[in-house]
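Structural characterization, general
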Amino acid sequence: MTGTSAALTPPADAIPPVRHPEAPAPGELLGAHYEHCFGCGGGQPHGLHLAARAGEGVTVTAEFTVTPDHQGAPGLAHGGVLATALDETLGSLNWLLRVIAVTGRLETDYVRPVPVGTVLHLEAEVTAVSGRKIYSTATGRIGGPDGPVAVRGYALFIEVKVDHFIDNGRPEEIQAAMSDPDQVRRARAFEVNP
Ligand SMILES: CCCCCCCCCCCCCCCC(=O)SCCNC(=O)CCNC(=O)[C@H](O)C(C)(C)COP(=O)(O)OP(=O)(O)OC[C@H]1O[C@@H](n2cnc3c(N)ncnc32)[C@H](O)[C@@H]1OP(=O)(O)O
């Protein structure tokens, strides 16, 4: 059974997404948005280390290898970890719009169990934009990029300003991030770009 809630149906006045002219070229790795991100950061030993790559239009592909740290049942990936992989992949799409956005709603279908040692091949696209609301979908396959579908995700991201993080994050991490000029420059550049 699949299907999404009404909250994930774009309104009638939604428009197709527009790839930002300075978005990374198709095929380019996007890199981590934050070193300590559980989804993509290199500084998280048990994190997903998910690597996303720009695709054509407003699409990305990504890969994530399930390790023993990611188990729920013996030898199988935890559903919450798979949701994280979907969330991270969907979130990376906003890089191509050059917009800072956070997940407002995420819905998932779990179609097949995902064993430890599996590479989850993900693809995602933005389907519509309405003001600050960004609608997107993702699919995760096992056994190769054209293998059987294991998970699907449907999301609504909401555009925010950098202040969202500054106002709500724990001061220790915010101060560390603010003292990283690359992190601040990138975030501010995204914020002011039309
Ligand atoms: C130095 C610092 C460096 C910083 C460097 C940053 C790097 C870039 C990091 C990115 C990180 C990504 C990481 C992976 C993606 C996550 O995992 S993000 C983390 C998980 N998400 C969150 O923590 C978000 C928590 N929620 C919130 O903060 C607030 O609810 C939100 C989402 C910002 C919305 O609040 P708001 O701005 O007050 O907006 P609001 O008016 O409530 O809603 C706007 C619209 O969205 C709709 N909406 C909002 N929520 C929902 C919902 N759940 N369902 C349906 N509709 C909704 C509203 O109905 C409204 O619709 P309209 O009335 O406009 O038609």
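It should be emphasised that the depicted structure is a prediction, and the values quoted were computed from it without experimental measurement.

What counts, and where the lines are drawn
Residues numbered from 1 in each chain as written. Predicted model: local features only at pLDDT ≥ 70, side-chain atom pairs only at ≥ 80, totals over all residues. Heavy atoms only, no water. Helix = DSSP H or I, 4+ residues; strand = E, 2+ residues; numbered from the N terminus. Expected span 1.5 Å × (residues − 1). Buried < 20%, exposed > 50% of the residue type's maximum accessible area, 1.4 Å probe, protein only. Near = heavy atom within 4 Å. Polar contact = N/O pair within 3.5 Å; in protein donor to acceptor, adjacent residues only side chain to side chain. Areas by Shrake-Rupley, 256 points an atom, 1.4 Å probe, with all protein chains shown as cover. Nonpolar A, V, L, I, M, F, W, Y, C, P; charged D, E, K, R; others polar. Domains from an automatic or database assignment. Core = buried A, V, L, I, M, F, W, Y, C linked by side-chain atoms within 4.5 Å. Contact = heavy atoms within 4.5 Å. Pairing = 2+ DSSP bridges. 1 Å grid on protein atoms, 1.4 Å probe; cavity = no way out; pocket = protein on both sides within 12 Å on 5 of 7 lines; lining within 4 Å. Points joined across faces, edges and corners; volume = space filled by probe spheres on them.

1. Concerning helix H1 (residues 79-97)
With 19 residues, H1 ought to run about 27 Å at 1.5 Å a step, and its terminal C-alpha atoms sit 28 Å apart, in line with that. In terms of burial, H1 is a largely internal element, 14 of the 19 residues being buried. A positive phi of about 60 degrees marks arginine 98, the residue just after H1.

2. Regarding the site of the ligand
Lining the immediate environment of the ligand, one finds 17 residues, of which Asp87, Thr103, Gly104, Arg132 and Lys133 sit closest. The backbone of threonine 103 places a nitrogen or oxygen atom 3.0 Å from a nitrogen atom of the ligand. One nitrogen or oxygen atom from the side chain of lysine 133 is found 2.7 Å from an oxygen atom belonging to the ligand. Coverage of the ligand by the protein chains reaches 55% of its 1300 Å² of free accessible surface. Looking at the shell around the ligand, the elements with two or more residues in it are strand E3 (101-110), strand E6 (149-159) and helix H2 (163-168). A breakdown of the residues in the shell around the ligand according to their chemical character gives eight nonpolar, five polar and four charged. Two domains each provide a minimum of three residues to the shell around the ligand, namely domain 1 (20-160) and domain 2 (161-194).

3. Let's talk about the nonpolar core
One finds Leu50, Phe64, Leu90, Leu120 and Leu122 to be the most contacted residues of the largest nonpolar core, which totals 40 residues. Secondary structure elements with two or more residues in this core: strand E1 (51-54), strand E2 (59-65), H1, strand E4 (119-130), strand E5 (133-142) and E6. It is H1 that contributes the most residues to this core, nine residues altogether. Counting residues in hydrophobic clusters, the runner-up holds five residues, among them Leu8, Tyr135, Tyr154 and Leu156.

4. Digging into the side chain of threonine 118
Mapping threonine 118 onto the fold places it in the loop between E3 and E4. Setting aside residues no more than four positions away along its own chain, threonine 118 makes contact with Phe64, Thr65, Val66 and Ile142.

5. Structural notes on the pairing of E1
Here E1 shows a clear split, with Ala52 and Ala54 buried on one side and none of Ala51 and Arg53 buried on the other. With four bridges connecting them, E1 and E2 associate as antiparallel partners. Opposite alanine 54, over in E2, you have valine 60 as the bridge partner. With antiparallel pairing between neighbouring strands as the criterion, E1 and E2 make up a hairpin whose turn holds four residues, including glycine 57 at a positive phi of roughly 60 degrees.

6. What about the layout of surface pockets?
In this structure, the largest pocket encloses a volume near 1000 Å³. Lining the largest pocket are 39 residues; nearest its centre among them are His33, Tyr34, Ile100, Phe165 and Gln183. Looking at the lining of the largest pocket, the elements with two or more residues in it are H1, E3, H2, helix H3 (171-178) and helix H4 (181-192). When residues of the lining of the largest pocket are assigned to their parent elements, the largest contribution, seven residues, is made by H1. Of the residues assigned to the lining of the largest pocket, the class counts are 23 nonpolar, 11 polar and five charged. Viewed by domain, the lining of the largest pocket spans two of them, domain 1 (20-160) and domain 2 (161-194), each represented by three or more residues.

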